[in-house]
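# Observations on the three-dimensional arrangement
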Amino acid sequence: MAHAATYLLTKGNHIFGLDWIKKPNKQAEKRFKTFQHSTKGSEGKAFVWNVKEDFRSVPESWIFAHGVTQCNGYPQPDENGHIPGWVPVENDNKQYCWHSSVVNYEIGAALVLRPHTEHQELLEITTVPLHELLEQTLELIGTNINANPYGLGSKKQPIHLLVCHGVLEIHSAPAVNYQQLLGWFQGCEEGKVEGIVWHCSDGTLIKLHRHHLGLRWPVEDPFLNSRPVLVNVDLTQYEWDFIPKSLFTTFSEFNGRQFDHLKDICFE
């Protein structure tokens, strides 16, 4: 099954893919856990996987992620027994309809939410060329994703957007200390987020989610909803006949309009 149906990756051929982790089947997982608690596991010895038989099936289009170790042509699991990978998002597959709604391969652009280029306290919704998103990871947010914590859209008029990981910076980051992190998440306006990702100088990424501290998500009035947002979607720059009711067309009708919060955007 997909580890998180909200994460996407742009590949060199401009095709987006869903984060899909290949996990052990029940029998292999049981053996792995037994090994971890055994003497051999405690001595640091490696568990031996049968990659052909020990893992759950994945879609035929699944590809393993960049950086995954290979042995005899087969991708190898990490220390947790997982093989990270991706499944391409297909426009004609209803399972991925919300992901497809924010990408237009014909014009080579995606609908992205990001800080405004000139006013960092202002968010903007705009079209971004796919070539500018190459090899990045993004997250899909919106009406039909993860209980819609940001209150975007409605059942009648769903709204979805992509957010590039790392573009929303934290300006008052707490010290890496349990009590200070807990206090920041609970008492700071900027702490009303799902989690923090530290970008280390050596390229390492370290993620802390609220549930790691026993805190719930979503929360009322998340920090992303505290900033005004400008719609900057001008389709006149593209030589393409857009579908009248597409998300691209709908946002273009509100081009130049500013809303106090993301949840205030309404097309009805």
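For the structure itself, look to the data block above.
All values derive from a computational prediction rather than experimental measurement.

This part covers the overall build of the protein. Helix and strand counts for the protein come out as five helices and 15 strands. Across its three principal directions, the C-alpha atoms of the protein cover 65 × 45 × 35 Å. Among the 268 residues that make up the protein, the fraction classed as buried is 43%. As displayed, the protein offers around 15,600 Å² of accessible surface, 50% of which is attributable to carbon and sulfur atoms. For the protein, the distance from the average site of its 23 positive side-chain charges to the average site of its 31 negative ones is 12 Å.

Let us look at the pairing of strand 14 (residues 229-232). Note: strand 9 (residues 123-129) against strand 14, four bridges, orientation parallel. The residue bridging E124 from the neighbouring strand is L230, located in strand 14. Two strands pair when backbone bridges link them, and strand 14 and strand 15 (residues 258-259) are joined in this way by two bridges, in the antiparallel orientation. Within strand 15, the residue paired with L230 across the bridge is Q258.

What follows covers the layout of surface pockets. Its boundaries defined by the atoms lining it, the second largest pocket holds a volume of some 450 Å³. If you trace the second largest pocket, you find 20 residues lining it, with S100, S101, I243, S246 and L247 closest to the centre. The element contributing the most residues to the lining of the second largest pocket is helix 3 (residues 97-100), with three residues.

Here the focus is the packing of aromatic side chains. Across all of its chains, the model carries 12 aromatic pairs by this definition. Between F32 and W49, the ring centres sit 4.9 Å apart and the planes meet at 45°, which makes this aromatic pair tilted. Of this pair, F32 sits in helix 1 (residues 26-36) while W49 sits in the loop between helix 2 (39-42) and strand 3 (63-64); the two residues are 17 residues apart in sequence, bridging distant segments of the chain. On the accessibility criterion, F32 (9% relative accessible area) is buried. Taking 5.0 Å as the distance between ring centres and 75° as the angle between the ring planes, the aromatic pair formed by W184 and F185 counts as edge-to-face. Summarising the burial analysis for this pair, W184 and F185 share the class buried. Taken together, F32, F35, F47, W49 and F55 form an aromatic cluster joined through their ring pairs.

Below, the discussion takes up helix 1. Those residues of helix 1 lying buried are A28, F32 and F35. Buried residues along helix 1 cover an arc of 60° about the axis, so they all sit on one side. Counted as exposed and oriented over 90 degrees from the buried face of helix 1: K26, Q27, K30 and T34.

Once that is clear, we can look at the side chain of H209. Locating H209 in the fold gives a position in strand 13 (residues 205-209). Exposure remark for H209: the relative accessible area of 12% places this residue in the buried category. Side chain to side chain, H209 and E194 meet in a polar contact 3.1 Å long. A distance of 3.0 Å separates a polar side-chain atom of H209 from the backbone nitrogen of H211. When sequence neighbours within four positions are dropped, the list of residues in contact with H209 reads E194, G195 and W217.

The next thing to look at is the pattern of salt bridges. Using the criterion set out here, one finds five salt bridges in the structure. As a salt-bridge pair, E189 and K192 come within 3.6 Å of each other at their nearest N and O atoms. Take E189: its relative accessible area is 41%, and that puts it in the partly exposed class. Ionic pairing is found between D221 and K263, a salt bridge with its closest N-O pair at 3.2 Å. Of this pair, D221 sits in the loop between strand 13 and strand 14 while K263 sits in the segment after strand 15, placing them 42 residues apart in sequence. For K263, a relative accessible area of 39% gives the class partly exposed.

Definitions and limits used
- Residues numbered from 1 in each chain as written.
- Predicted model: local features only at pLDDT ≥ 70, side-chain atom pairs only at ≥ 80, totals over all residues.
- Heavy atoms only, no water.
- Helix = DSSP H or I, 4+ residues; strand = E, 2+ residues; numbered from the N terminus.
- Buried < 20%, exposed > 50% of the residue type's maximum accessible area, 1.4 Å probe, protein only.
- Areas by Shrake-Rupley, 256 points an atom, 1.4 Å probe, with all protein chains shown as cover.
- Lys, Arg positive; Asp, Glu negative; His and termini not counted.
- Charge placed at Lys NZ, Arg CZ, Asp CG, Glu CD.
- Pairing = 2+ DSSP bridges.
- 1 Å grid on protein atoms, 1.4 Å probe; cavity = no way out; pocket = protein on both sides within 12 Å on 5 of 7 lines; lining within 4 Å.
- Points joined across faces, edges and corners; volume = space filled by probe spheres on them.
- Phe/Tyr/Trp six-rings, centres within 6.5 Å; stacked < 30°, edge-to-face > 60°.
- Arc of directions from axis to C-beta.
- Polar contact = N/O pair within 3.5 Å; in protein donor to acceptor, adjacent residues only side chain to side chain.
- Contact = heavy atoms within 4.5 Å.
- Salt bridge = Lys/Arg side-chain N within 4 Å of Asp/Glu carboxyl O.

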